[in-house]
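Architecture at a glance
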Amino acid sequence: QVQLVESGGGLVQPGGSLRLSCAASGIIFSIYSMGWYRQAPGKQRELVAHITSGGSTRYTDSVKGRFTISRDNAKSTVYLQMSSLKPEDTAVYYCNAPIDLSTVTVHWSWGQGTQVTVSS
């Protein structure tokens, strides 16, 4: 059974930084592309960062230059380093393996997510 456990969220002031982690179990982690998604109140879930099994990365325009996705296959973990945070980054953040990058179609059931709140 696949399990995704996100952590590292919290309350941070605008301009601050956070590092999110997502530990995966029950899969051969290294063969999957992984993504970080977020869902803000009243909005649809969106893909914000993606990393292939080979380490290539892509970002949505709103986070380019501020967020960095990385992975540690030995630990079956994907990370999201977030800096220069803005109030509009406030959301619940989730990880999963995307099937279709243009939609929110993923391989597995969603984890519980981790709340990121950017506020002064």
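Residues numbered from 1 in each chain as written. Predicted model: local features only at pLDDT ≥ 70, side-chain atom pairs only at ≥ 80, totals over all residues. Heavy atoms only, no water.

This part covers the packing of aromatic side chains. Aromatic rings considered in pairs are described by the distance between their centres and by the relative angle of their planes. As enumerated under the stated definition, the model contains three aromatic pairs in all. Summarising the aromatic geometry, the rings of Tyr37 and Trp110 are spaced 5.1 Å apart at their centres and angled 85 degrees between planes, so their arrangement reads as edge-to-face. With Tyr37 in strand β4 (residues 34-39) and Trp110 in the loop between β11 (105-106) and β12 (114-118), this pair connects stretches of sequence that are 73 residues apart. Judged by relative accessible area, Trp110 falls into the partly exposed class, the value being 29%. Relative to Trp110, the ring of Tyr94 has its centre 5.7 Å away and its plane inclined at 70 degrees; by these criteria the two rings are edge-to-face. Here Trp110 lies in the loop between β11 and β12 and Tyr94 lies in strand β9 (residues 91-96), a separation of 16 residues in the sequence. You can call Tyr94 buried: its relative accessible area is 11%. An aromatic cluster is defined as three or more aromatic residues linked by ring pairs; in this entry it consists of Tyr37, Tyr94 and Trp110. Geometry around Tyr79 places Arg19 over its ring, the cationic atom sitting 4.0 Å from the centre. (Phe/Tyr/Trp six-rings, centres within 6.5 Å; stacked < 30°, edge-to-face > 60°. Helix = DSSP H or I, 4+ residues; strand = E, 2+ residues; numbered from the N terminus. Buried < 20%, exposed > 50% of the residue type's maximum accessible area, 1.4 Å probe, protein only. Lys NZ or Arg CZ within 6 Å of the ring centre and 35° of its normal.)

Even without being a glycine, Ser76 presents a positive backbone phi close to 50 degrees. Here Ser76 lies in the loop between β7 (67-72) and β8 (77-82). Located in the positive-phi region is Ser84, a residue other than glycine, with phi close to 50 degrees. For Ser84, the location among the structural elements is in the loop between β8 and β9.

Turning to the sheet that holds β8, a few remarks are in order. For sheets, the rule is that strands pair by backbone hydrogen bonds, running either parallel or antiparallel. Spatial ordering of the open sheet is given by β1-β3-β8-β7, a layout of four strands whose pairing is antiparallel. Two strands close off the open sheet at either side, each with one partner strand: β1 (3-7) and β7. Ignoring which end each strand starts from, the neighbouring axes of this sheet average 15 degrees apart. Sheet topology places β1 next to strand β3 (residues 18-25); five bridges connect them, and they run antiparallel. When the sheet's bridge partners are listed, Glu6 is paired in β3 with Cys22. (Pairing = 2+ DSSP bridges. Axes fitted to C-alpha atoms, helices over the stretch in contact; angles between N-to-C directions.)

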